[in-house]
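# Chains, contacts and geometry: an overview
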Amino acid sequence: MTLTILFSFVSGSRMSSQYTSWIDAVMEVKYEVTSSHLWLEEVLAGDRDLAIDAAMDHMNEADWFVHLLLKGEDSEDGTFDKLEDPVLIHAAEDMKETLLVFRSIFSERVASLESSGIGSDIDQHFDRIFGELIEKVEDIEDMLQNNLRLDLQHFKFAQIFLTIICVSLIVFVGVVFYRFDTQRKIDVKILLEAKIQSDQETFAREKMTVELQKSEMKFRHLFDNMTSGFALHEIITDDNGKPIDYRFLDINRSFEKLTGLSKGDLIGKTVHEALPGAEKDLIEKFGEVALTGKPIEFEQSTAELNKYYHINAYCPDKGKFAVIFSDISDKKIADQELKDFVYTVSHDLKAPLRKLDGFAKLLETEYGDKLNDEAFHYLDRITGNTQQMKLLIDDLLELSRIGKTDLETSDLSINTVLERVLDDLKDTIADKNAVIHIAENMPSVKINKTRLSQIFSNLIGNAMKFSREGVPPEIEIGYTLNPRNICLFVKDNGIGIEEQYYTKIFSIFQRLHKKEDYEGTGIGLTIIKRIVANMGGSVWVESEFGKGSTFYFKVPK
Amino acid sequence: MNSTAIEILLVEDDPDDIELTQKALVSGNVINNLHIVRDGQEALDFLYRKGDYEDEKTSPRPGLILLDIKLPKVDGTEVLKQIKSDPDLLRIPVVMLTTSKREEDIFKSYSNHANSYIEKPVAFEDFISTIKGIGLYWLITNTMPTRNDG
């Protein structure tokens, strides 16, 4: 294809330089031959010398042009390339030979003119050769014209092809350029976008940094201005992984204020270095937090600093623990003062009671013979009331004793505790003819013994107290085991409670009955509620009015 | 021994309590010579025979001390401390007789070697039996060498 195009192109371009000259030459040959033929006619007509010379000149000219065709030469007639096409060369040589024959016949004729005069045969022969020659010349001319047309066609084809190629090329270049341009534009766009994005990211990052700084400042502000002390530590363990010490990593201002210790004294130091007298059990406690991740909350007195702290410790990272604490020394003092106050009031209130009872008894024993029944009745009322007042004070005292930091707990067999309680209540049980069923093999609970006894004693006492007239109390004590707690119950067949009082009965001094009907202080259930609440449990009642009540209380396992 | 009167020193500031204690001792059949002082200072003066209590006859060495905790001037705990740190007095049984059931008071009393700690019951009948118990305790457990004070 490429070769064809190249060939077409070459032959096409050859046309301009070669074919024109060759056709010119052939036409010159034709002209010269025709002219020499005409001059020979003149010779024959009589004008010999001039005409012969002219004819000879024309023939020489014809030879010259044939020579140009066959050999090619750069002359004053123009630049001629020699013919290359073998067919053409063959035709031209044939033409040359015919021209030679023509010349020889011409010479012959001229020579015979001298001797024999005009011979028609020779003339006929000469005319025939002339005709042949002209024919051959015209053949060559035709061939050249033909070739030229073919080459022109080739050239046109090549031209068209080239035009197509050029157009294609232009289009291609255009497309490429467009593509490139588009690509460039896209690239630029991408670059721009990337730049914008990067700018935005930078901006966002800067903004975030600022926000972070702000947030950090805020936290730092909070951290430093919170009234609670805060400290971050890492735990130090021995080779067996047992916590033996801890190091201060960060503390806030309140920490400094609350402990009187300064940052410089603590940061980077271990508690052994900073506070040699620190409680050992604290290290264990904090160690557990840092190693297990389980948060704790407790109150702690430090002999070292002579203070009481409420402490929350949690694990922000394994091996570390953070402590948030507040100084509750004042609260502790206030608590103690309140406790003292309650004791004092209770005891001081009891003293006159004791005396009232004492003197009433003395009056009875020493002057009994002088008193009538009415006087005895009044004395009874006095001692009855002192007894009631005593109960009230005792219960109040008990209530005030149930603090958040309650007494020690141990694993208790509920059955054993119940045996003791029933033993204490045996007189009442006998009086009331009560029947008490206790579930066998009740589980153990981790509760303070006194508190559990108090709960049962109160509930069983109530169950017997609020019995229906003429119906001996029948009490059932049992439990249900839940995944996380134990629900215990005391069920009776007593008078029952109306639903609207289910909550009210647990409020202090709430009584549903007249004192003369059911004695009591109205504090018993409040005490139970507080005890159970302190254990993290709850207490409630379900009842069928007139048929009986069931008191439930849930305590953690 | 039953006929021997016990010298009892009652350290009590409240007149009602004094009267009731006296009655309870009588009702509880504890035969005694009761000496009454009204505050801690008087108790110490009585024991060391100072001031109003110089006379040995009216201020004999008691065989039992009933000591209230809350007292004017010098309180009961302080009196107890002094008695128990004095070689001459430390063998006298001291019964802390009080309305306080406060653990702190009980602890303090026993740490200062009180021989007994008794909360005064509200009911008078209970009080009588308590006093009776104290008398009995003293009668049975008292191994103090009897001092001949002439």
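Residues numbered from 1 in each chain as written. Chains lettered and ligands numbered in written order. Predicted model: local features only at pLDDT ≥ 70, side-chain atom pairs only at ≥ 80, totals over all residues.

## Here's the deal with the overall build of chain B
Secondary structure assignment for chain B yields five helices and five strands. When its helices and strands are written in sequence order, chain B yields β-α-β-α-β-α-β-α-β-α. Taking all 150 residues of chain B together, 38% fall into the buried category. Relative to all contacts within chain B whose residues are 6 or more apart in sequence, the contacts with residues 24 or more apart total 67%. (Helix = DSSP H or I, 4+ residues; strand = E, 2+ residues; numbered from the N terminus. Buried ≥ 20, exposed ≤ 12 C-beta atoms within 10 Å, placed from the backbone. Contact = placed C-beta atoms within 7 Å.)

## So, the overall build of chain A
What chain A contains, in helices and strands, is 14 helices and 14 strands. Looking at chain A as a whole, 24% of its 557 residues qualify as buried.

## Description of helix α13 (residues 449-465) of chain A
The end-to-end C-alpha separation of α13 of chain A is 24 Å, in line with the 24 Å expected for 17 residues at 1.5 Å each. Looking only at α13 of chain A, the buried set comprises Arg451, Leu452, Ile455, Phe456, Asn458, Leu459, Ile460, Asn462, Ala463 and Met464 of chain A. (Expected span 1.5 Å × (residues − 1).)

## Thoughts on the sheet that holds strand β3 (residues 229-237) of chain A
All names here are of chain A. Read from one edge to the other, the open sheet built from five strands follows the order β4-β3-β7-β6-β5, with strand pairing classed as antiparallel. One side of each edge strand has no neighbouring strand; the edge strands of this open sheet are β4 (243-251) and β5 (296-302). Across the sheet, the mean angle separating the axes of adjacent strands is 35 degrees when strand polarity is ignored. In terms of strand pairing, β3 meets β4 through seven bridges, oriented antiparallel. Each residue of the ladder has a partner; that of His233, found in β4, is Phe248. (Pairing = 2+ DSSP bridges. Axes fitted to C-alpha atoms, helices over the stretch in contact; angles between N-to-C directions.)

## Observations concerning the interface of chain A and chain B
On the chain B side, the residues contacting the 13 residues of chain A number 12 residues. Secondary structure elements with two or more residues in the side of chain A that touches chain B: α9 (329-367) and α10 (373-401) of chain A. Here the residues of the side of chain A that touches chain B are counted per class, giving four nonpolar, three polar and six charged. (Nonpolar A, V, L, I, M, F, W, Y, C, P; charged D, E, K, R; others polar.)

## As for unusual backbone geometry
Trans is the prevailing form of peptide bonds, just as negative phi is the prevailing case for residues other than glycine. Residue and element names in this part refer to chain B. Of note in the backbone geometry, Arg49 takes a positive phi value of approximately 50 degrees without being a glycine. Among the secondary structure elements, Arg49 is positioned in the loop between α2 (40-48) and β3 (64-67). In the Ramachandran plot, His113 falls in the positive-phi region, its phi being about 70 degrees despite a non-glycine side chain. Position of His113 among the secondary structure elements: in the loop between α4 (103-111) and β5 (116-119). Given 13 C-beta atoms within 10 Å, His113 falls into the partly exposed group.

## Here's the deal with the nonpolar core
Counting 34 residues, the largest nonpolar core has Phe456, Leu459, Ile460 and Ile528 of chain A as the members making the most contacts within it. Secondary-structure elements contributing two or more residues to this core are α11 (414-424), β10 (444-447), α13, β11 (474-481), β12 (485-491), α14 (524-534), β13 (538-544) and β14 (548-556) of chain A. The element best represented in this core is α13 of chain A, accounting for seven residues. One finds Leu20, Leu71, Leu80 and Ile134 of chain B within the second-largest nonpolar core, a separate group that totals 33 residues. (Core = buried A, V, L, I, M, F, W, Y, C linked by C-beta atoms within 7 Å.)

## With respect to the confidence of the model for chain B
Taken over all residues, the pLDDT of chain B has a mean of 83, while the share at 70 or more is 87%. Note on residues 145-150 of chain B: pLDDT is under 50 here. Beyond four places in sequence and across chains, it has four contacts. (pLDDT = per-residue confidence, 0-100.)

## What about the packing of α2 of chain B against helix α3 (residues 76-84) of chain B?
Residue and element names in this part refer to chain B. The geometry of α2 relative to α3 is characterised by a closest axis approach of 9 Å and an angle of 20 degrees between their N-to-C directions. Taken together, the axis directions place α2 and α3 in an arrangement best described as roughly parallel. Our pair here, α2 against α3, has a crossing hand that is right-handed. Judged by residue contacts, Gly40, Ala43, Leu44 and Leu47 of α2 engage Gly76, Glu78, Val79, Gln82 and Ile83 from α3. Classifying every residue of the contact of α2 with α3 gives five nonpolar, three polar and one charged. (Parallel < 35°, antiparallel > 145°, perpendicular 65-115°, else oblique. Left-handed = near helix turned anticlockwise from the far one by under 90°.)

## Observations regarding the sheet that holds strand β4 (residues 94-98) of chain B
All names here are of chain B. Strand order across the open sheet formed by five strands is β2-β1-β3-β4-β5, with parallel pairing between neighbours. Strands with a single pairing partner mark the edges of an open sheet, and in this sheet they are β2 (32-37) and β5. Each strand axis lies, on average, 20 degrees off the axis of its neighbour in the sheet, ignoring direction. Of the strand pairs in this sheet, β4 and β5 are connected by four bridges, and their pairing is parallel. Its bridge partner being in β5, Leu97 is matched across the sheet by Ile118.

## Some points on the packing of α9 of chain A against α10 of chain A
All names here are of chain A. Relative orientation of the contacting elements α9 and α10 amounts to 165 degrees, with a least axis distance of 9 Å. Of the possible angle classes, the one that applies to α9 and α10 is roughly antiparallel. Regarding α9 and α10, the two cross each other, and that crossing is left-handed. From α9, Lys339, Val342, Ser346, Leu349, Lys350, Leu353, Leu356, Asp357, Ala360, Leu363 and Glu364 reach across to α10, where they touch Leu379, Ile382, Thr383, Thr386, Met389, Lys390, Ile393, Leu396, Leu397 and Ser400. Looking at the contact of α9 with α10, its residues break down into 12 nonpolar, four polar and five charged.

## Structural notes on the environment of Gly131 of chain A
If you trace the backbone, Gly131 of chain A turns up in helix α4 (residues 120-225). Residues Gly131 of chain A and Thr34 of chain A, 97 residues apart in the sequence, show an inter-C-alpha distance of 9.6 Å.

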